[in-house]
Amino acid sequence: MPQSFLRNKINDETPKPEGVVHHRPFVSGHVSRQPISRTLNFRQAGERYRSFEDWERDELISNLVSALSQCDRDIQDRMVHNSAQADADYGRRVAEGLRISVSSQTA
């Protein structure tokens, strides 16, 4: 392995290609997480899904199912649940592709 490749190892021990710089954000002040008044968490995703042409939905589902097939079951369950929250058809199709039940998903 080239020395320049080995020299770019950072704390995570993952070799980095030469010239790659890790992003370290600078924050000054207090950082907090707070709930917001808008609680339509899945509306935008559902609207976007419904705006797609049929072939775009087919491709999206195919890509998601392909990627999620490699994930642990708990990740698949969460994605099916979230997809169903955005749009019932979206969730159903992802679940069918993964051969799991939408109704088995909980909040």
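Residues numbered from 1 in each chain as written. Predicted model: local features only at pLDDT ≥ 70, side-chain atom pairs only at ≥ 80, totals over all residues. Heavy atoms only, no water.

### Overview of the overall build of the protein chain
Using the following cut-off: Only runs of H or I of at least four residues qualify as helices and only runs of E of at least two qualify as strands under DSSP, and these elements are numbered from the N terminus. Burial classification: accessible surface area is computed with a 1.4 Å probe over protein chains only, and a residue below 20% of its type maximum counts as buried, one above 50% as exposed, and the rest as partly exposed. Contact criterion: two residues are considered in contact whenever any of their non-hydrogen atoms come within 4.5 Å of each other. Surface exposure here means Shrake-Rupley accessible area, sampled with a 1.4 Å probe, where a residue is shielded only by the protein chains that are shown.
Within the protein chain, the secondary structure is distributed over 5 helices and 0 strands. Counting helices and strands in the order they occur from the N terminus, the protein chain gives α-α-α-α-α. Counting across all 107 residues of the protein chain, residues that qualify as buried make up 22%. For the protein chain, long-range pairs separated by at least 24 residues make up 46% of all intrachain contacts whose partners lie at least 6 apart in sequence. Roughly 8700 Å² of accessible area belongs to the protein chain as shown, and the carbon and sulfur atoms make up 49% of that amount.

### Section: the confidence of the model for the protein chain
Our working definition: Residue-level confidence of the predictor is what pLDDT reports, using numbers from 0 through 100.
Of the residues in the protein chain, 81% have a pLDDT of 70 or more, and the chain-wide mean is 83. Within the model, pLDDT remains below 50 along residues 1-11, and this stretch shows 14 contacts once partners closer than five positions in the same chain are excluded.

### Regarding the layout of surface pockets
Filter applied, for reference: Only protein atoms enter the 1 Å grid used here. Points where a 1.4 Å probe fits but cannot escape make up a cavity, open sets with protein on both sides within 12 Å along at least five of seven lines make up a pocket, and a residue lines them when an atom lies within 4 Å of a point. Grid points are joined across faces, edges and corners, and a volume is the space filled by probe spheres set on the points. Residue classes follow a fixed rule: Ala, Val, Leu, Ile, Met, Phe, Trp, Tyr, Cys and Pro count as nonpolar, while Asp, Glu, Lys and Arg count as charged, and any other residue, Gly among them, counts as polar.
In this structure, the largest pocket spans a volume of roughly 160 Å³. Lining the largest pocket, in full, are I36, R38, L40, N41, R43, Q44 and E47. Class assignment of the residues belonging to the lining of the largest pocket gives a composition of 2 nonpolar, 2 polar and 3 charged.

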